[in-house]
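Fold and geometry: a report
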Amino acid sequence: MRKPMIAGNWKLNKTLSEAKKLATELAQQCQDIHDRDIVIAPVYTVLSSVAEAIKNSPVQLAAQNCYPEDNGAFTGEISPLFLEDVGCELVILGHSERRQLLGENDAFINRKIHKALAVGLKPILCVGETLQQREDDQMLEILTRQIKGGLDKVTVEQMEDVVIAYEPVWAIGTGKTATDEQAQEVHSFIRGMLQGLFNQQVATATRILYGGSVKPGNVDGLMAQDDIDGALVGGASLNVDDFARIVKFEKQV
Ligand code: PGA
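Residues numbered from 1 in each chain as written. Predicted model: local features only at pLDDT ≥ 70, side-chain atom pairs only at ≥ 80, totals over all residues. Heavy atoms only, no water.

1. Notes on the pairing of strand β5 (residues 122-127)
With respect to burial, β5 is a largely interior element, five of its six residues being buried. Two elements, β5 and strand β6 (residues 163-166), share four bridges in a ladder whose sense is parallel. Each residue of the ladder has a partner; that of C126, found in β6, is A165. (Buried < 20%, exposed > 50% of the residue type's maximum accessible area, 1.4 Å probe, protein only. Helix = DSSP H or I, 4+ residues; strand = E, 2+ residues; numbered from the N terminus. Pairing = 2+ DSSP bridges.)

Next comes the structure, spelled out in structure tokens:
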């Protein structure tokens, strides 16, 4: 059985005092939840304070990005070593905003995946098509390229620590969610790909999160789908009650 994961991507939001408050309140609301992984990804500058706020709670810390070197002359960058040092357990990689705004490509993201895995950080690899690509029938080709490229030379053993997030770009921050069926269809396609690239065991065990306008009102339907193992939540993760409700999704049968 795959353990569900609900991850909050705070993006470029929450100053130090706001971040400490949100993390503290979330830790309180989630104190007794152990049957699912709860993750928050704040900005770099508040990571260590948030780590302090959530210690002794089930909430895990993630970063939103990293650079694929340990240390050295890389002005302005942060490496997995430093993230691990402040208490991060996971790192979001290949988010569509980084692909689009900062020109990140699959080869660069793949280097980050390897560096993260090498220091014991679990990568959440984000993939997803734009509206144009979906309309042009390129969706499966794009997803295949992003997953193959992102996971190049990752081993079967390393896949135990990899989480994939399917985030259709047209659903991010737009209020448009993929329907439960649209999301399920893509998740099932991705799982099939993992079987081809690795094996059946990896395909069955890998968690695939859905992201893109996940809210308290749509999480239950999404989580009822066979191949949706969790959510990567942007906007709704900035409000403690909304995010706690998403964390406490009800599994419909
Ligand atoms: P959203 O963002 O929930 O605000 O759509 C999701 C994401 O970008 O991870």
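2. Observations regarding helix α1 (residues 16-29)
Taking 1.5 Å per residue, 14 residues should reach 20 Å; α1 reaches 20 Å between its end C-alpha atoms and fits that length. Taken together, the buried positions of α1 are A19, L22, A23, L26 and A27. In an axial view of α1, the angular spread of the buried residues amounts to 130 degrees, which keeps them on one side of the axis. Projecting away from the buried face of α1 at angles above 90 degrees are the exposed residues S17, K21 and Q28. Looking at the buried positions of α1, the neighbouring elements they touch are β2 (37-41), α2 (47-54), β3 (59-63) and α11 (240-247). (Expected span 1.5 Å × (residues − 1). Arc of directions from axis to C-beta. Contact = heavy atoms within 4.5 Å.)

3. Here we look at unusual backbone geometry
If you check the backbone angles, D137 has positive phi at about 60 degrees while not being a glycine. Mapped onto the elements, D137 comes out in the loop between α6 (131-135) and α7 (139-150). What makes D137 exposed here is its relative accessible area of 71%.

4. Topic: the site of the ligand
Surveying the vicinity of the ligand reveals 13 residues, the closest of which are K11, H95, E167, G173 and S213. A distance of 2.7 Å separates an oxygen atom of the ligand from a polar side-chain atom of K11. When the ligand sits alone it has 280 Å² of accessible area, and the protein chains cover 97% of it. (Near = heavy atom within 4 Å. Polar contact = N/O pair within 3.5 Å; in protein donor to acceptor, adjacent residues only side chain to side chain. Areas by Shrake-Rupley, 256 points an atom, 1.4 Å probe, with all protein chains shown as cover.)

5. Topic: the packing of α7 against helix α8 (residues 180-197)
Interaxial distance between α7 and α8 falls to 11 Å at its minimum, and their mutual angle equals 45 degrees. With respect to α8, the axis of α7 lies oblique. You can see that α7 and α8 cross each other, and the crossing is right-handed. Along its contact with α7, which presents M139, L140, L143, T144, I147 and K148, the element α8 presents V186, F189, I190, M193, L194 and L197. Considered class by class, the residues forming the contact of α7 with α8 number ten nonpolar, one polar and one charged. (Axes fitted to C-alpha atoms, helices over the stretch in contact; angles between N-to-C directions. Parallel < 35°, antiparallel > 145°, perpendicular 65-115°, else oblique. Left-handed = near helix turned anticlockwise from the far one by under 90°. Nonpolar A, V, L, I, M, F, W, Y, C, P; charged D, E, K, R; others polar.)

6. What to know about the environment of G72
By the element assignment, G72 lies in the loop between β3 and α3 (80-85). In this structure, the C-alpha to C-alpha distance between G72 and W10, residues 62 residues apart in sequence, is 28 Å.

7. Digging into the packing of helix α5 (residues 106-119) against α7
Between α5 and α7, the least distance of the axes is 8 Å, while the angle of their chain directions is 40 degrees. What the angle tells us is that α5 and α7 run oblique. In the crossing of α5 with α7, the sense of the turn from one axis to the other is right-handed. Note on element contacts: α7 touches α5 through R145, Q146, G149 and G150, opposite D106, N110 and I113.

8. Describing the nonpolar core
Counting 67 residues, the largest nonpolar core has I40, V50, L151, L194 and Y210 as the members making the most contacts within it. In contact with I40, other than residues within four places in its own chain, are G8, W10, A23, L26, V50, I54, V59, Q60, L61, A62 and F243. Within the second largest apolar cluster, 13 residues are counted, among which are M5, A7, L90 and V163. (Core = buried A, V, L, I, M, F, W, Y, C linked by side-chain atoms within 4.5 Å.)

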